[in-house]
Amino acid sequence: MKLATLRNGRPDGQLAVVSRDLKRFVSAGKVAPNLQAALDTWETSAPALAEISQALNAGGIASQSFDPGEALAPLPRAYSWIDGSGYLSHLERVRTLAGSKDAELQSARPLLYQGGSDSLSGANEPILVSDDGLAVDFEAEIAVITGPVPMLPTRSEAAASVRLITVCNDVSLRRLVADDLQNGFGFFHSKPSTSFGPVVATPDEFGSAWRDNKLHLKLRITVNDALFGQPDAGIDMHFDFADLIAAAAGTRRLIAGTIIGSGTVTNRHEEAPPIKRDGIGFSCIAEARAVEKLKYGKARTPFLKDGDRVSIAVLDAAGASVVGAIDQRVAIYRR
């Protein structure tokens, strides 16, 4: 089943069941008022939501047109947003950036950071920044939302905890990354609100593409409508979601509604922008610039500026968006 959180004037929004083709929706308020409430009672709410989903997809229930612009982040405020480092090739490419350290390239266990989860952005909300001179970057990732996870889980327990899957944009202000890292407390000022796809889907909606605790589908990333990347999220993922979840629960239990990010999706290649139609490209600007420095001696691709548009979507084998697209513009915040 596919779910969304729609605007209703309340901080946590209204839970809705969305059709498989993302065209229709039905309110799920009789099952749970919002997604967090559904996750808290998943054993009973999931079957009820699945029943609504089945009726909706069969055309057996009254529904309304689904507008992704009316969707908030699936969890507009989450108990925990933890981003991982599933793709070592991303770390390898950005290790030369100011503030990065070779020692952080670890193949034995994934790096994790806990992001701000009190205010998460919807797919069509602007990327608000105080200054577009802060080297505004996007990072296209896959994210999962878990059920409860015990401390020190087995891999099977970690894998079984995945409730929902979507796409996310872990926005980064590259000019502030070095200062955050050198201060020793990790990312804070360099990580504004993370954005999430308009729809979340249960693993079964992806069929065989969800296997080995990875999503074996391509992302499509455009910047100002020009192709920027189309990597396969199932390739070169060194730490899968079971690894990331188990690592996050290594010293604490995780509660239902914890969001885990895959890290920037990256496939190994030597291409440099501009990206060809059949090219792989990049899921963040920093990687493209790192490749350009190696190939041309200097970076050519600019960071995002006020008004620039970024789109990120997960595509199925037929090229259709599975959970809707993140489609945002950069905007300078003014009080």
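What this report covers is the structure whose coordinates are included nearby. This structure is a prediction, so every number in the text was calculated from the model and none was measured. (Residues numbered from 1 in each chain as written. Predicted model: local features only at pLDDT ≥ 70, side-chain atom pairs only at ≥ 80, totals over all residues. Heavy atoms only, no water.)

Examining the nonpolar core
How we decide: For the purposes of this section, nonpolar cores are sets of buried Ala, Val, Leu, Ile, Met, Phe, Trp, Tyr and Cys residues that join through side-chain atoms within 4.5 Å. Relative accessibility decides the category of a residue: with a 1.4 Å probe and only protein chains considered, values under 20% of the type maximum give buried, values over 50% give exposed, and everything between is partly exposed. A run of H or I in DSSP becomes a helix once it reaches four residues, and a run of E becomes a strand once it reaches two; helices and strands are each numbered from the N terminus. Only heavy atoms matter for contacts: two residues are in contact if any of them lie within 4.5 Å across the pair.
Residues Ile142, Phe206 and Leu215 are the most contacted members of the largest nonpolar core, which totals 69 residues. Among the elements that take part in this core, helix α6 (residues 241–248) stands out by supplying five residues, more than any other. The residues touching isoleucine 142, leaving out its near neighbours within four places in the chain, are Ile165, Thr166, Leu215, Leu219, Ala233, Phe241, Ile260, Gly261, Ser262, Val265 and Val314.

Topic: the pattern of salt bridges
Our working rule: Should a side-chain nitrogen of Lys or Arg be within 4 Å of a carboxyl oxygen of Asp or Glu, the pair is scored as a salt bridge.
All told, the structure shown has eleven salt bridges when counted by the stated rule. We note a salt bridge from aspartate 12 to arginine 77, for which the minimum N-O separation is 2.8 Å. Note that aspartate 12 is positioned in the loop between β1 (2–6) and β2 (14–18) and arginine 77 in the loop between β4 (64–65) and β5 (80–84), a separation of 65 residues in sequence. What makes arginine 77 partly exposed here is its relative accessible area of 43%. Among the ionic pairs, aspartate 240 bridges to arginine 155, the shortest N-O distance being 3.0 Å. Of this pair, aspartate 240 sits in the loop between β17 (226–229) and α6 while arginine 155 sits in helix α4 (residues 155–160), and the two are 85 residues apart along the sequence. In the salt-bridge network here, residues are joined through shared partners; they are Asp137, Glu139, Asp170, Arg174 and Lys191.

Considering the side chain of histidine 216
Applicable threshold: Definition of a polar contact: a pair of N or O atoms within 3.5 Å, with one able to donate and the other able to accept a hydrogen when the atoms are protein atoms, and with sequence-neighbouring residues admitted only if both atoms are side-chain atoms.
Turning to its location among the elements, histidine 216 is positioned in the loop between β15 (214–215) and β16 (218–223). A polar contact of 3.4 Å, which involves the side chain of histidine 216, links it to the backbone oxygen of arginine 211. With near-sequence residues (within four places) excluded, histidine 216 lies in contact with Ala209, Arg211, Asp232 and Gly234.

Quick look at a positive patch on the surface
The cut-off we apply is this: Candidate patch residues must exceed 30% relative accessible area and have no salt bridge, after which like charges are joined if within 9 Å and Val, Leu, Ile, Met, Phe, Trp or Tyr side chains if within 5 Å. In these tables, accessible area is a Shrake-Rupley quantity obtained with a 1.4 Å probe, and a residue counts as shielded only by the protein chains included in the view. The convention is simple: Lys and Arg are positive, Asp and Glu are negative, and His and the chain ends are not counted. The atoms used to mark charge sites are NZ of Lys, CZ of Arg, CG of Asp and CD of Glu.
Taken together, the side chains of Lys276, Lys295, Lys298 and Arg300 present a region of like positive charge at the surface. On the secondary structure map, arginine 300 appears in the loop between α7 (285–296) and β19 (309–315). For arginine 300, a relative accessible area of 51% gives the class exposed.

Details of the packing of aromatic side chains
We count it as follows: For Phe, Tyr and Trp, where Trp contributes only its six-membered ring, two rings pair if their centres lie within 6.5 Å, and the inter-plane angle classes them as stacked under 30 degrees, edge-to-face over 60, or tilted in between.
Evaluated as defined, the whole model comprises four aromatic pairs. When the centroid spacing of 5.5 Å and the interplanar angle of 75° are considered together, the rings of phenylalanine 138 and phenylalanine 228 count as edge-to-face. Residue phenylalanine 138 is found in the loop between β8 (136–137) and β9 (140–146), and its partner phenylalanine 228 is found in strand β17; the two are separated by 90 residues along the sequence. One exposure class covers both phenylalanine 138 and phenylalanine 228, and it is buried.

Some thoughts on the environment of alanine 48
With respect to the helices and strands, alanine 48 occurs in helix α2 (residues 42–57). Assessed through its relative accessible area of 26%, alanine 48 is described here as partly exposed. Remark: the alpha-carbon pair of alanine 48 and lysine 30, spanning 18 residues in sequence, is separated by 9.5 Å.

Some words on helix α5 (residues 174–182)
Condition: The arc under discussion is defined with respect to the helix axis, by the directions toward the C-beta atoms.
Inspection of α5 places Arg174, Val177, Ala178, Asp180 and Leu181 among the buried residues, and these make up the whole buried set. Along the axis of α5, the buried positions cluster into a sector of 165°, meaning they face one direction only. Seen from the open side of α5, the exposed residues pointing more than 90 degrees away from its buried face are Arg175 and Gln182. Residues of α5 that are buried sit in contact with β8, β11 (172–173) and α7.

Things to note about the pairing of strand β10 (residues 162–169)
Operational definition: Two strands make a pair as long as DSSP finds a minimum of two bridges between them.
Most of β10 sits inside the fold, with eight of its eight residues counted as buried. As defined by bridge partners, β9 adjoins β10 across seven bridges and the pair is classed as antiparallel. From the neighbouring strand, valine 144 faces β10, where its bridge partner is isoleucine 165.

A few points about the environment of asparagine 224
Along the polypeptide, asparagine 224 turns up in the loop between β16 and β17. Taking the C-alpha atoms as reference points, asparagine 224 and arginine 329, separated by 105 residues in sequence, lie 9.1 Å from one another. Those residues within four positions of asparagine 224 in sequence are excluded, and the remaining contacts are Gly307, Asp308 and Arg309. A distance of 3.1 Å separates the side chain of asparagine 224 from the side chain of aspartate 308, its partner in a polar contact.

Focus on unusual backbone geometry
Here the residue pair proline 273 and proline 274 is connected by a cis peptide bond, since its omega of 0° sits within 30 degrees of zero. Position of proline 274 among the secondary structure elements: in the loop between β18 (258–261) and α7. A positive phi angle, near 55°, is found at aspartate 212, a position not held by glycine. The residue aspartate 212 is located in the loop between β14 (210–211) and β15 in this model. Positive phi, normally seen in glycine, also occurs at aspartate 236, with a value near 65°. For aspartate 236, the location among the structural elements is in the loop between β17 and α6. On the basis of relative accessible area, aspartate 236 is assigned to the partly exposed category, the value being 28%.

Here's the deal with the sheet that holds strand β20 (residues 326–332)
This is how it is decided: Here an axis means a line fitted to C-alpha atoms, over the contact stretch when the element is a helix, while the angle between two N-to-C directions is reported on a 0 to 180 degree scale.
Within the open sheet, the five strands sit side by side as β7-β20-β19-β16-β17. Their pairing is mixed. If you trace the sheet from one side to the other, it starts and ends with β7 (127–129) and β17, each paired once. The average undirected angle you get between the axes of adjacent strands in this sheet is 25°. Strand direction decides the pairing type here: β7 and β20, joined by three bridges, are parallel. Bridging from a neighbouring strand, leucine 128 pairs with alanine 331 of β20.

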